[in-house]
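Each chain, written out:
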Amino acid sequence: MSSTGSNIASKCVEDLRKKLEELSELKGKSFWVYNEEHLMDKTKGISFPAVGVIYEGIRSISENYKDTYKTGFSGELVTSVIVLQRPDNISYADTKTPAVALLDMIREKILGSRSPTGHVWRFVVEASATEKHGVVIWLQRWSTPVQFTPVVR
């Protein structure tokens with residue numbers, strides 16, 4: 001599937017945001033943001049958990065393939081899913097959904113699903129929590145292949 005000129009980065013970020021919005025715990029609390037600080041601003045006054053999707057960019061993977069020049073440019077679009085949770089809501093001792101269970105739900109929701117490129121979202125990494133501004137921040141990174149076909153002029 002060609003992704004040149006079709007706002008593929010925007011479509012991929014929005015795809016993840018919509019998937020997260022489908023989880024009842026994140027209904028109305030899923031945002032497209034530029035960084036953690038932007039997410040903190042967006043979530044002022046709402047209850048947690050909340051989540052933000054960050055577009056991290058596209059990196060070339062063409063150096064791994066000898067014949068890529070014949071078909072165009074192959075890349076990997078990378079996003080981060082940032083989960084915000086209150087520090088007192090980490091375990092099942094609390095009656096709300098704990099952060100670790102929410103991370104599991106997010107992984108299950110995205111894993112195996114297709115991105116707007118037609119490829120499957122790939123789980124990259126999940127990072128441990130850090131506390132900042134009174135909330136705990138967890139990170140999941142996801143990627144999907146993208147293909148750019150050169151415009152013939």
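So, a few notes on the structure that sits alongside this text. (Residues numbered from 1 in each chain as written. Predicted model: local features only at pLDDT ≥ 70, side-chain atom pairs only at ≥ 80, totals over all residues. Heavy atoms only, no water.)

**Re the overall build of the protein chain**
- Each helix and strand in the protein chain was counted, giving 4 helices and 5 strands.
- What you see in the protein chain, going N to C, is helices and strands ordered as α-β-α-β-α-β-α-β-β.
- Buried positions account for 44% of the 153 residues belonging to the protein chain.
- Sequence-distant contacts in the protein chain: of pairs separated by 6 or more residues, those separated by 24 or more amount to 58%.
- Carbon and sulfur atoms make up 53% of the accessible area of the protein chain, which totals about 8400 Å². (Helix = DSSP H or I, 4+ residues; strand = E, 2+ residues; numbered from the N terminus. Buried < 20%, exposed > 50% of the residue type's maximum accessible area, 1.4 Å probe, protein only. Contact = heavy atoms within 4.5 Å. Areas by Shrake-Rupley, 256 points an atom, 1.4 Å probe, with all protein chains shown as cover.)

**Some remarks on the environment of Trp138**
- Mapped onto the fold, Trp138 is located in strand 5 (residues 135-148).
- Sequence separation between Trp138 and Gln85 is 53 residues, and the spatial gap between their C-alpha atoms is 8.2 Å.

**Observations concerning the pairing of strand 3 (residues 73-85)**
- When you tally the buried positions in strand 3, you get 12 out of 13 residues, the bulk of the element.
- Where strand 2 (residues 50-60) and strand 3 come together, 10 bridges link them in antiparallel fashion. Across the sheet, residue Ser60 finds its bridge partner in strand 3, namely Gly75.
- Looking at chain direction, strand 3 and strand 5 are connected through 13 bridges and run antiparallel. (Pairing = 2+ DSSP bridges.)

**A short note on the pattern of salt bridges**
- The final tally for this structure, using the stated rule, is 12 salt bridges.
- For Glu126, the salt bridge identified is with Arg107, shortest N-O distance 3.0 Å. Highlighted residues: Glu126 in strand 4 (residues 122-132) and Arg107 in helix 4 (residues 99-110), separated in sequence by 19 residues.
- One network of salt bridges, in which partners are shared, links Glu14, Arg17 and Glu21. (Salt bridge = Lys/Arg side-chain N within 4 Å of Asp/Glu carboxyl O.)

**Here we look at the sheet that holds strand 4**
- Spatial strand order, 1-2-3-5-4: 5 strands in an open sheet with mixed pairing. Single-partner strands in this sheet number two, and they are strand 1 (30-33) and strand 4. The sheet shows a mean angle of 25° between the axes of neighbouring strands, taken without regard to direction.
- The pairing of strand 1 with strand 2 spans 4 bridges and is classified as parallel. Along strand 2, the bridge assignment pairs Val33 with Ile54.
- Lying over the sheet, helix 1 (residues 8-21) contacts strand 1, strand 2, strand 3 and strand 5, oriented at roughly 160° with respect to strand 1.
- The sheet strands contacting helix 4 are strand 3, strand 4 and strand 5, and the helix crosses strand 5 at an angle near 10°. (Axes fitted to C-alpha atoms, helices over the stretch in contact; angles between N-to-C directions.)

None of this, on its own, says anything about what the molecule does.
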